[in-house]
Amino acid sequence: MKGKLWVRIFIRIAAIFAAFVIILTCCNRWFLPGFFKSSEKKLLREQAHEIAALNLENRSEVAAHLSGISDRYNFEVEIFNERGEVLFTSYGSQIIDFHYKDNPGLMMNHKKLEVLESETEADGSVFETALDRHTHTEYLIYRSDMGGGVYAELRVQTGLLENSADIAERFIGIIALFCLAAALVWTYFSARRISRPISEMSEITRSMANLSFDKKVNVDSSDEIGQLGGAVNELSEKLSATLIDLQKSNAQLRNEIELERSLDSMRRGFVANVSHELKTPISIISGYAEGLKLDINPEAREKYCDTIIDESNRMNKLVLSLLELSKYESGQVPLKIESFSLSSLAREMAKKIFNDAKIELILPEGEYIAFADPLQIEQVIKSLLENAKSHTPEGGCVEVKILDGEEYTLEIHNSGSHIDEEKMPQIWQSFFRGEESHKREESRFGLGLSIVSAICRMHGKDCGVYNTESGVCFWVNIDKVK
């Protein structure tokens, strides 16, 4: 593309210059001699008019004027009367004047030439092309009537005109060749200069078609090509920005689709888990109610009634936990942010939950004033402590720590078995209870960590879990008073 473009530009512009040189040469050849002859005719006529205005009585003035014409224009001038006697001539005028004064009998006669062509003007003056038979010299002659029987004749050799025309023609031809050479050099570099940005723009637009926007046009002029290069650069930048935005939108859309799929899967799992949790107590209540209806013995009746009450309480607790989780996840619970003692709250909750447990309890010392919703943080601490208690064997240890940095980090360590790394992201999902998920316990539904995660999101904070050498550590971030 690049080679073809600049070669075509070079050939076309070079052809224009070459045609101009050829036309100039032809015009010199055909029209320059005629132009010289026409110019000489005009000059002859003008000088004849000046001579006609001279005072012939002032012989010195006339002789000086004729001598000046001869020197400047190389004209031969004669002034003669109707008898052919030369009164003045541009050759030896002072000698003739001397003889005329002292010996009027010595007179020079007007030189007659053989006329080849003749042209009479409107004022009676004549242009002739004549030949000197003795010297075989051709002349261009202009003869005019000065009045009173006196005539002026101006002659110039046509050979001089032809020589001047030939010299001018050769000079103009040489200059034209030099100009053509300079024009070709200029055309070569100009064509390369014009084609370079166009070729760059062609390559860049092909790259843009392949979604590559790294290359830019080097704009070094303010003309139309420079403006076009700037427009291509601007288009490239806008397309690049649009592509980046589109990629971000696509990535966000993919994430939203994945999230929607995940939420849909979680909803299906949630429904299945709720159904599973409710199916057993409903079946127990239904069976025991039928036994009561059949009027079983009094000893069993009391047991049946206690079981029905326990299962009803369990169902009620499950429903309340689900409602609570739903409020947290939907943001329906308004936060009441205030300062409170995080360490005191943690110590108080730990003592209540581990009051009758055979587990070693290590609590934080000192005072740590947090800035959050104390009721929601209490629910977080309660859920994490209950989770730690249920997974810590008898004789184990639970330690509560508060790390002080830009914000507080509440850590609850418990000894016991580790959590599989693959299952760590799942423990924050509703009804997930690890290996115990299919075991039916009195007070655990697998909703506590889901509530912890929802409350942390409401506060704009993170929570997490990691395995330690002796067990597991759950942590949450909490703002402290500035």
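These numbers come from a predicted model, not from an experiment.

Draft legend 1. Here's a closer look at the overall build of the chain. Secondary structure assignment for the chain yields 9 helices and 13 strands. Taken across its 482 residues, the chain has 37% of its residues classed as buried. Put simply, the chain shows about 29200 Å² of open surface, and 55% of that area lies on carbon and sulfur atoms.

Draft legend 2. A look at the pairing of strand S2 (residues 86-89). Pairing analysis gives 3 bridges linking strand S1 (residues 76-81) to S2, with the strands arranged antiparallel. Residue pairing for S2: Glu78 is matched across the bridge by Thr89.

Draft legend 3. View of the confidence of the model for the chain. Taken over all residues, the pLDDT of the chain has a mean of 78, while the share at 70 or more is 81%. This stretch, residues 436-440, has a pLDDT under 50; its non-local contacts, to residues over four places away or in other chains, come to 8 contacts.

Draft legend 4. Representation of the packing of aromatic side chains in the model. Going through the model one piece at a time under the given rule, you end up with 5 aromatic pairs. Ring geometry for Tyr368 and Tyr408: centres 5.6 Å apart, planes at 90 degrees, overall edge-to-face. Here Tyr368, found in the loop between strand S8 (360-362) and strand S9 (369-372), pairs with Tyr408, found in strand S11 (residues 408-415); they are 40 residues apart in sequence, far enough to count as distant. Take Tyr368 and Tyr408: they sit in the same class, and that class is buried. For Lys41, the ring lying beneath its charged end belongs to Phe127, and the centroid distance is 5.4 Å.

Draft legend 5. Quick look at the sheet that holds strand S4 (residues 126-132). Reading across the sheet, the 6 strands line up as S2-S1-S6-S5-S4-S3 and stay open at both edges, with antiparallel pairing between neighbours. On the outer flanks of this sheet lie S2 and strand S3 (114-120), each paired with one strand and no other. Put simply, the sheet's adjacent strands are angled 20 degrees from each other on average, direction ignored. Of the strand pairs in this sheet, strand S5 (residues 137-147) and strand S6 (residues 150-157) are connected by 8 bridges, and their pairing is antiparallel.

Draft legend 6. Quick look at the packing of helix H8 (residues 374-391) against helix H9 (residues 448-459). Orientation of H8 relative to H9, taken along the N-to-C sense of each, is 150 degrees, at an axis distance of 9 Å. Overall, the two elements H8 and H9 adopt an arrangement that is roughly antiparallel. The way H8 lies across H9 gives a crossing that is left-handed. Contacts between H8 and H9 involve Gln376, Ile377, Gln379, Val380, Ser383, Leu384 and Asn387 on the former and, on the latter, Gly448, Leu449, Ile451, Val452, Ile455 and His459.

Draft legend 7. A look at the nonpolar core. Counting 37 residues, the largest nonpolar core has Leu342, Ile381 and Leu385 as the members making the most contacts within it. Aside from chain neighbours lying at most four places away, what touches Ile381 is Leu342, Leu345, Ala346, Met349, Leu410 and Ile412. Judged by nonpolar contacts, the second largest core, of 22 residues, contains Ile51, Leu66, Leu87 and Phe127.

Draft legend 8. Seen up close, the sheet that holds S11. Here we have 5 strands laid out as an open sheet, ordered S8-S10-S11-S13-S12, and mixed in their pairing. With one partner strand each, in any of the chains shown, S8 and strand S12 (463-467) form the two edges of the open sheet. Strand-to-strand twist of the sheet, defined as the mean angle between neighbouring strand axes without regard to direction, takes the value 15 degrees. Pairing of S11 with strand S13 (residues 471-478), which is carried by 8 bridges, proceeds in the antiparallel orientation. By the bridge assignment, Asn414 is partnered in S13 with Val472. The strands touched by H8 within the sheet are strand S10 (397-404), S11 and S13, with S11 carrying the most contacts at an inclination of about 20 degrees.

Draft legend 9. Structural context of the environment of Leu235. Within the element layout of this structure, Leu235 appears in helix H5 (residues 224-293). Considering only alpha carbons, one finds Leu235 and Phe213, 22 residues apart in sequence, at a separation of 9.6 Å.

Draft legend 10. Region of interest: H9. With 12 residues, H9 should reach 16 Å at 1.5 Å per residue; the first-to-last C-alpha distance of 17 Å fits that figure. With 9 of 12 residues buried, H9 is to be regarded as a mostly interior element. Positive phi shows up at Gly460, right after H9, with a value of about 70 degrees.

Draft legend 11. Expanded view of the state of the cysteines. Inspection of every chain in the model, using the stated rule, returns 0 disulfides. Summary of cysteine pairing: Cys463 is not part of a disulfide, and the nearest cysteine sulfur, belonging to Cys456, is at 4.2 Å.

Draft legend 12. Examining a nonpolar patch on the surface more closely. Judged by side-chain polarity, Leu335, Ile337, Ile369, Phe371 and Val481 come together as a nonpolar surface patch covering roughly 380 Å² of accessible area. Under the relative-accessibility criterion, Ile369 is labelled partly exposed at 35%.

Rules behind the numbers
Residues numbered from 1 in each chain as written. Predicted model: local features only at pLDDT ≥ 70, side-chain atom pairs only at ≥ 80, totals over all residues. Heavy atoms only, no water. Helix = DSSP H or I, 4+ residues; strand = E, 2+ residues; numbered from the N terminus. Buried < 20%, exposed > 50% of the residue type's maximum accessible area, 1.4 Å probe, protein only. Areas by Shrake-Rupley, 256 points an atom, 1.4 Å probe, with all protein chains shown as cover. Pairing = 2+ DSSP bridges. pLDDT = per-residue confidence, 0-100. Contact = heavy atoms within 4.5 Å. Phe/Tyr/Trp six-rings, centres within 6.5 Å; stacked < 30°, edge-to-face > 60°. Lys NZ or Arg CZ within 6 Å of the ring centre and 35° of its normal. Axes fitted to C-alpha atoms, helices over the stretch in contact; angles between N-to-C directions. Parallel < 35°, antiparallel > 145°, perpendicular 65-115°, else oblique. Left-handed = near helix turned anticlockwise from the far one by under 90°. Core = buried A, V, L, I, M, F, W, Y, C linked by side-chain atoms within 4.5 Å. Expected span 1.5 Å × (residues − 1). Disulfide = S-S within 2.5 Å. Patch = residues over 30% accessible without salt bridge, like charges linked within 9 Å, V, L, I, M, F, W, Y side chains within 5 Å. Salt bridge = Lys/Arg side-chain N within 4 Å of Asp/Glu carboxyl O.

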